Amino acid sequence: MNEMLNLSNINAHELSKMLENKVEFKKTLSKLSSDSRKDSKPDRCLYCSKLTTQFCNSHSIPASFLRNISVNGKCYINNEIIDLPLLDTEKGVNNSGTFHLICRECDNIIFKDYENPDNYSAMPTDKMIAQIAMKNNLKSISKRRFEIALYKNAQKSLIDSGFPPDSAKAFFGPIEQINTLDLKDYYRGFKRAKKIIEKGWKNEFYLFYYEKLNYVVPIAFQGQIALILDLQGNVINNNVYSTSPDYKVQTLNICVFPLKNSSIIMLFIDKHDKRYRSFYKQFKSLPIAKKLAAINFMIFRYSEDVYLSKQVNDIYLKNKELKDLTGDTGIQIGTSVEGNEELLREKSSFSVMENIPNFLEIKLENVG
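Small disclaimer: the values here were computed from a predicted structure and weren't measured.

Participant: Before we go on, may I ask you to explain the overall build of the protein chain in this structure?
Facilitator: Of regular secondary structure, the protein chain possesses 13 helices and eleven strands. Within the protein chain, counting contacts between residues at least 6 apart in sequence, those at least 24 apart form 81% of the total. With the model as given, the accessible surface of the protein chain reaches about 18,100 Å², and the carbon-plus-sulfur share is 49%.

Participant: How do you make sense of the layout of surface pockets when you look at a structure like this?
Facilitator: Regions of empty space are outlined by a rolling probe, equal in size to a water molecule, passed over the atoms. When its volume is computed, the second largest pocket comes out at roughly 230 Å³. Lining the second largest pocket are eleven residues, and of these Asp324, Leu325, Asp328, Lys347 and Val352 sit closest to its centre. Looking at the lining of the second largest pocket, the elements with two or more residues in it are α12 (320-327) and α13 (341-347). Take the lining of the second largest pocket: its biggest share by element is three residues, from α12. Partitioning the lining of the second largest pocket into residue classes produces three nonpolar, three polar and five charged.

Participant: Hey, could you run me through unusual backbone geometry in this one?
Facilitator: For residues other than glycine, phi is negative in most cases, and the peptide bonds are mostly trans. In the Ramachandran plot, Ser49 falls in the positive-phi region, its phi being about 70° despite a non-glycine side chain. When you line up the elements, Ser49 lands in the loop between α2 (22-40) and β2 (58-59). Its identity as a non-glycine residue notwithstanding, Asn203 has a phi of 60°, on the positive side. Summarising the element assignment, Asn203 is placed in the loop between α8 (165-199) and β6 (205-213).

Participant: I'm lost on helix α10 (residues 288-302) in this one. Help?
Facilitator: Taking 1.5 Å of rise per residue, 15 residues should cover 21 Å, and α10 covers 21 Å from first to last C-alpha, within 8% of that figure. Of all 15 residues that make up α10, twelve are buried, and the element is covered over most of its length. Turning to α10, its buried residues number three or more, namely Lys291, Leu292, Ala293, Ala294, Ile295, Asn296, Phe297, Met298, Ile299, Phe300, Arg301 and Tyr302.

Participant: Got a minute to help me understand the packing of helix α9 (residues 277-284) against α10 in this structure?
Facilitator: Helices that pack against each other are described as a pair by the angle of their axes relative to one another and the distance between those axes. Close contact between α9 and α10 brings their axes to 10 Å; oriented N to C, the two are set at 140°. Taken as axis vectors, α9 and α10 run oblique relative to one another. Contacts from Phe279, Phe283 and Lys284 in α9 reach Lys291, Ala294, Ile295 and Met298 in α10. Of the residues belonging to the contact of α9 with α10, the class tally is five nonpolar, no polar and two charged.

Participant: Even after reading the chapter, I still don't get the packing of α10 against α12, so can you show me in this structure?
Facilitator: Interhelical geometry of α10 versus α12 gives an angle of 50° and a closest axis separation of 7 Å. Classified by the interaxial angle, the pair formed by α10 and α12 is oblique. For the pair α10 and α12, contact is made by Phe297, Phe300 and Arg301 and by Leu322, Leu325 and Thr326, respectively. Considering only residue class, the contact of α10 with α12 consists of four nonpolar, one polar and one charged.

Participant: So what exactly am I meant to see when it comes to the side chain of Asn237 here?
Facilitator: With respect to the helices and strands, the residue Asn237 is situated in the loop between β7 (219-225) and β8 (252-258). You can call Asn237 buried: its relative accessible area is 0%. At 2.8 Å, the side chain of Asn237 and the backbone oxygen of Leu227 are in polar contact. For Asn237, the side chain forms a polar contact with the main-chain nitrogen of Gln250, separated by 2.9 Å. Asn237 has contacts with Ala226, Leu227, Ile228, Tyr247, Lys248, Val249, Gln250, Arg275 and Tyr276, leaving out every residue within four places of it along the chain.

Participant: I would appreciate a short explanation of the pattern of salt bridges in the present structure.
Facilitator: With the rule as written, the count across this model stands at 18 salt bridges. Notably, a salt bridge pairs Glu90 with Lys74, separated by 3.4 Å at the nearest N-O pair. Residue Glu90 is located in strand β4 (residues 90-92), and its partner Lys74 is located in strand β3 (residues 74-76); the two are separated by 16 residues in the primary sequence. Since its relative accessible area comes to 36%, Lys74 is described here as partly exposed. The shortest N-O distance in the salt bridge between Arg192 and Glu204 comes to 2.8 Å.

Participant: How should the nonpolar core be read in this particular structure?
Facilitator: The nonpolar side chains of soluble globular proteins are, as a tendency, buried together. In this structure, Ile219, Leu227, Leu252, Phe279, Ile295 and Met298 are the most contacted members of the largest nonpolar core, which totals 52 residues. Those elements that place two or more of their residues in this core are β6, β7, β8, β9 (263-270), α9, α10 and α12. Sorting elements by how many residues they give to this core places α10 first, with nine residues. Those residues in contact with Phe279 that sit more than four places away from it in its chain are Phe208, Leu227, Asp230, Leu231, Ile236, Leu252, Met298 and Phe350. If you look at the next biggest cluster of nonpolar residues, it comprises 47 residues, including Cys45, Tyr47, Ile148 and Tyr186.

Thresholds, definitions, all that
Residues numbered from 1 in each chain as written. Predicted model: local features only at pLDDT ≥ 70, side-chain atom pairs only at ≥ 80, totals over all residues. Heavy atoms only, no water. Helix = DSSP H or I, 4+ residues; strand = E, 2+ residues; numbered from the N terminus. Contact = heavy atoms within 4.5 Å. Areas by Shrake-Rupley, 256 points an atom, 1.4 Å probe, with all protein chains shown as cover. 1 Å grid on protein atoms, 1.4 Å probe; cavity = no way out; pocket = protein on both sides within 12 Å on 5 of 7 lines; lining within 4 Å. Points joined across faces, edges and corners; volume = space filled by probe spheres on them. Nonpolar A, V, L, I, M, F, W, Y, C, P; charged D, E, K, R; others polar. Expected span 1.5 Å × (residues − 1). Buried < 20%, exposed > 50% of the residue type's maximum accessible area, 1.4 Å probe, protein only. Axes fitted to C-alpha atoms, helices over the stretch in contact; angles between N-to-C directions. Parallel < 35°, antiparallel > 145°, perpendicular 65-115°, else oblique. Polar contact = N/O pair within 3.5 Å; in protein donor to acceptor, adjacent residues only side chain to side chain. Salt bridge = Lys/Arg side-chain N within 4 Å of Asp/Glu carboxyl O. Core = buried A, V, L, I, M, F, W, Y, C linked by side-chain atoms within 4.5 Å.

Next up, the structure:
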């Protein structure tokens, strides 16, 4: 029977072995990660193309938004919910969601419109939306470059330790192929957003949901996800693990920005991504409570880059349904790397969206 690997369902024996080898594992992972970060770093700023060795510590979510939910400069990350003993459960604001692909001069200029909280007193401009899309693609580029280097180094490490080379290549090869195709899509997305900004083009992204809540939510998120199903179970992205260069995965951009006394929530797509039509039409017909529940579900189902206030009560963080949803990796046991699409769709159904705590309905001042 096919299963999806779930990090929140590690059995007691496996947890015991993890804790027993925790120090050694962290040392190995630290070395592997450090080497992979070096290997994945470009020699030029991706925006201005100038040679540089001093890349900016860019934040995928503006640090000023993260500070509005942080406690002593720190926020919880996904593993506070999954509770895997080998990984950290919190991060400092200065080190949360960072990437190193552009120079400091560019970072100070190219995102300043959307990063300014004062600009959310009215609807965001086309330029602000394009800046968000550009940064989302940059973060995805950074992540895929790192993963490609990480898998390559992990494969070498396995072979060096005596693992059969053919078996190592058979396991990592398809994953690397998928990541390489994803990387090309993210580069295209970045260049398109950059061109939209430089040319001052209008209406290239469709902002189909904008909400300003009159309270501060205890969660921050900014990123792009690839929805598998719409709200009625119809397929949007048929095969997110496709190794065909002819198949383009279409993405949805989600923003949850906690401000000083309010919160901004946005959903938008590239105007060319027509497969989202059914989804946004269904979404628009929902009452606000269900819209917030759907967004909350998408964030935890499709992303690991979620930041939560440390004021959030354990009753929410230890919710069994939330742990199961957050722990799902999308990696399937007993199938090829392309996976069992039926199982993936089952795990992506919006039917469970109201079974988990909705952090978009929680007011930060009332948490805990």
